[in-house]
Amino acid sequence: MIVNFHGIGTPARDLEPGEGKYWISEGQYDAFLGLIAGSGAEVGITFDDGNLSDYALGAPGLARHGLTAVFFPLAGRLDTQGSLSSGQVRELLSEGHRIGTHGYSHRSWIAMAPSVLEEELVLARRKLSDTIDQPVDEAAIPFGRYDRATLAALKRLGYRRVYSSDGGAFAGDPHPVPRWSVQSGTTEADLEAFLNDDEGLYPRLRRIASRAKKTWL
Ligand SMILES: [Zn+2]
């Protein structure tokens, strides 16, 4: 299972509409990492959007708990206020974390015009790859919104692993790999239930239905 983070603490840039609920406090973050580190389960950790807090709070917290993560910056926000700088992305890599792509400018990857697809899936990846001087072959889908064409394009372009935000535990190497995003309202009990794969029948059915709908859209 994979737990996905966005922002920690106080944002240092203007947030997009609806984005605030994905920011958690430093106290929440530390408590969540403690639960993950102590769970004994195999838990992946990812960060979307490339916020400055990935570097200022995210990575130091991971180091305290002996954890590593995959970071998915937005190529178009590199070196802008409130987001990661190129040097910070390289530092994250050198600290043992992995770097993937979240696209260029945080747009939906559904029904992309060819020029948008080129910028989001090709140019963004190239910019990040040039930044770290290594191939980038993992992608996190913005807003967790995708359809069959999105998945087909990512496959055609040779992405090795693609992550959604569909939630839930998984086995094997699903395409896309589901992640569970913590929100400002997420409690330690919520996270414990997720880590115990015990989210309850109705949330589970809703999630399965939603994933099936997105896959076959
Ligand atoms: Zn995002």
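The name recorded for the protein chain in an unreviewed UniProt entry is Chitooligosaccharide deacetylase, from Roseibium aestuarii. Taken from UniProt, the Function (unreviewed entry) comment for the protein chain reads in full: "Is involved in generating a small heat-stable compound (Nod), an acylated oligomer of N-acetylglucosamine, that stimulates mitosis in various plant protoplasts." UniProt, in its Sequence similarities (unreviewed entry) section for the protein chain, records the words "Belongs to the polysaccharide deacetylase family."

Draft legend 1. Structural context of the coordination of the zinc ion. Protein coordination of the zinc ion is provided by Asp49 (OD), His102 (NE2) and His106 (NE2), with donor distances spanning 2.1 Å. Mapped onto the polypeptide sequence, the residues donating to the zinc ion form the spacing pattern D-x52-H-x3-H. Here the two residues His102 and His106 agree in accessibility, since each one is buried.

Draft legend 2. Representation of the sheet that holds strand β1 (residues 2-5) in the model. Strands sit in the order β6-β5-β4-β1-β9 across an open sheet of 5 strands; the sheet is parallel. The outermost strands of the open sheet, each flanked by one partner alone, are β6 (98-99) and β9 (180-181). Bridge analysis of strand β5 (residues 70-73) against β6 gives 2 bridges, and the strand direction is parallel. Bridging from a neighbouring strand, Phe71 pairs with Ile99 of β6.

Reading the values: rules and limits
- Residues numbered from 1 in each chain as written.
- Predicted model: local features only at pLDDT ≥ 70, side-chain atom pairs only at ≥ 80, totals over all residues.
- Heavy atoms only, no water.
- UniProt positions renumbered as here; feature names shortened; annotations may be inferred.
- Donors = N, O, S within 2.8 Å, 3.2 Å for Na, K, Ca; no water.
- Buried < 20%, exposed > 50% of the residue type's maximum accessible area, 1.4 Å probe, protein only.
- Pairing = 2+ DSSP bridges.
- Helix = DSSP H or I, 4+ residues; strand = E, 2+ residues; numbered from the N terminus.

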